[in-house]
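These are the residues of each chain, in order.
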Amino acid sequence: MKKVLLIAAVAVFGFSNVNAQETEAPAFGFEQGNIFLEGNLGYNSSNDKNIEEKTNQFSFNPKAGYFINEDLALGVQLAYNSYTEEVAGTDAEDISAFGAGVFARYYFLDLGKRFKTFAEVGVGFETAKDDLADVKANGVGAGLSLGINYFVKENIAITFGLSDVLSYSSAKLDVDGAEAVTEFNANINVFNNFFETAQFGLMFKF
């Protein structure tokens, strides 16, 4: 009799445990100590046969962050961009740029279980080179961005980012006598043309 009761108890416990695992909701979101990797990759190529112009543009922008609490993450980011242009079979432009910086991201609103909205501020530097003209430029910048993560799984999310809602930059050619060029931008129309201004990427949470 005792064996029957023991077997029944084990069976009930096992069923309850399995049922709890099946009904437990996935944890969409972040907690202290989480690390994320995020980035976007872009490529564009055009060929205008009317004016015999070909262009190629490539960009790669990875970043990594660490959550110091469930709402705030600090991290580092890199950026690489290249642009080439050919007109009538002759190279017209060959520009490459590399940048690095730091950022802070704050999650302030949950839109349901899977949508997490954030604001991000970042500062960094960039160096660019025109290989054809043999000219270099260096600059610094800061910006405020808004974005949304949509979790397709517990540890994978799609990022929709509105870059440089507010931004400041200062750049200077690396030649004698050159003066710095500064720019401040407030892009208040980003919500009117969302799909033209947004950047899309992938996030992996660990």
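Structure report, in brief.

Thresholds applied
Within any chain, residue numbers begin from 1 and follow the written order of that chain's sequence. For this predicted model, a pLDDT threshold of at least 70 governs which residues receive local features, and a threshold of 80 or more governs which side-chain atom pairs are given and counted, while totals over whole chains, interfaces and linings are taken from all residues. To obtain the side-chain values, all non-hydrogen atoms of the structure were used and water was disregarded. Where helices and strands are cited, they refer to DSSP runs of H or I of at least four residues and of E of at least two residues respectively, numbered from the N terminus. The classification of residues rests on relative accessible area computed with a 1.4 Å probe and restricted to protein chains. Under 20% of the type maximum is buried, over 50% is exposed, and intermediate values are partly exposed. Contacts are assigned to residue pairs with any non-hydrogen atoms lying within 4.5 Å of each other. We define a salt bridge as a contact between a side-chain nitrogen of Lys or Arg and a carboxyl oxygen of Asp or Glu at a distance within 4 Å. We call a set of buried residues a nonpolar core when its members are Ala, Val, Leu, Ile, Met, Phe, Trp, Tyr or Cys and they connect through side-chain atoms within 4.5 Å of each other. Only residues whose relative accessible area exceeds 30% and that take part in no salt bridge are eligible for patches, with like-charged residues grouped when within 9 Å of each other and nonpolar side chains (Val, Leu, Ile, Met, Phe, Trp, Tyr) grouped when within 5 Å. Calculation of accessible area relied on Shrake-Rupley with a 1.4 Å probe; when residues are assessed, cover is drawn exclusively from the protein chains displayed.

On to the environment of G42. By the secondary structure assignment, G42 is in strand β1 (residues 35-48). Owing to a relative accessible area of 23%, G42 belongs among the partly exposed residues under this scheme. Distance in space between the C-alpha atoms of G42 and F60 is 6.4 Å, their sequence separation being 18 residues. Setting aside chain neighbours within four positions, we find G42 in contact with Q57, F58 and S59.

Let us now look at unusual backbone geometry. Within the chain, A88 stands out as a residue other than glycine whose phi angle is a positive 55°. Tracing the backbone through its elements, the reader meets A88 in the loop between β3 (72-87) and β4 (90-111). Although it is not a glycine, D134 adopts a positive phi angle of roughly 55°. Along the chain, D134 turns up in the loop between β5 (115-130) and β6 (135-153).

What follows is about the pattern of salt bridges. Going through the model one piece at a time under the given rule, you end up with five salt bridges. Residues E38 and R105 are paired through a salt bridge, measuring 2.7 Å at the closest nitrogen-oxygen approach. Remark: R105 occurs in strand β4 and E38 occurs in strand β1; sequence separation between them is 67 residues. Each member of the pair, E38 as well as R105, carries the same accessibility label: buried. In this structure, R105 and E120 form a salt bridge, with 2.7 Å as the shortest nitrogen-oxygen distance. Taken together, the residues R105 in strand β4 and E120 in strand β5 connect sequence positions 15 residues apart. With relative accessibility at 7%, the residue E120 sits in the buried group.

Note that soluble globular proteins tend to have their nonpolar side chains buried in a common cluster. Within the largest apolar cluster, 11 residues are counted, these being F28, F30, F36, F67, A73, F103, Y107, F118, F151, A157 and M203. Ignoring sequence-local partners within four residues, the contact set of F28 consists of K113, R114, K116, F151, K153 and E154.

Further remarks concern a nonpolar patch on the surface. Taken together, the side chains of I35, L37, Y66, I68, L74, L202, F204 and F206 define a hydrophobic patch exposed on the protein surface, amounting to about 730 Å² of accessible area. Elements supplying a minimum of two residues to the nonpolar patch: β1 and β9 (198-205).

The residue V181 is located in strand β8 (residues 181-186) in this model. Through-space distance from the C-alpha of V181 to that of G139 is 9.0 Å; in sequence the pair is 42 residues apart. Apart from residues lying up to four places away in sequence, V181 is in contact with S169, S170 and A171.

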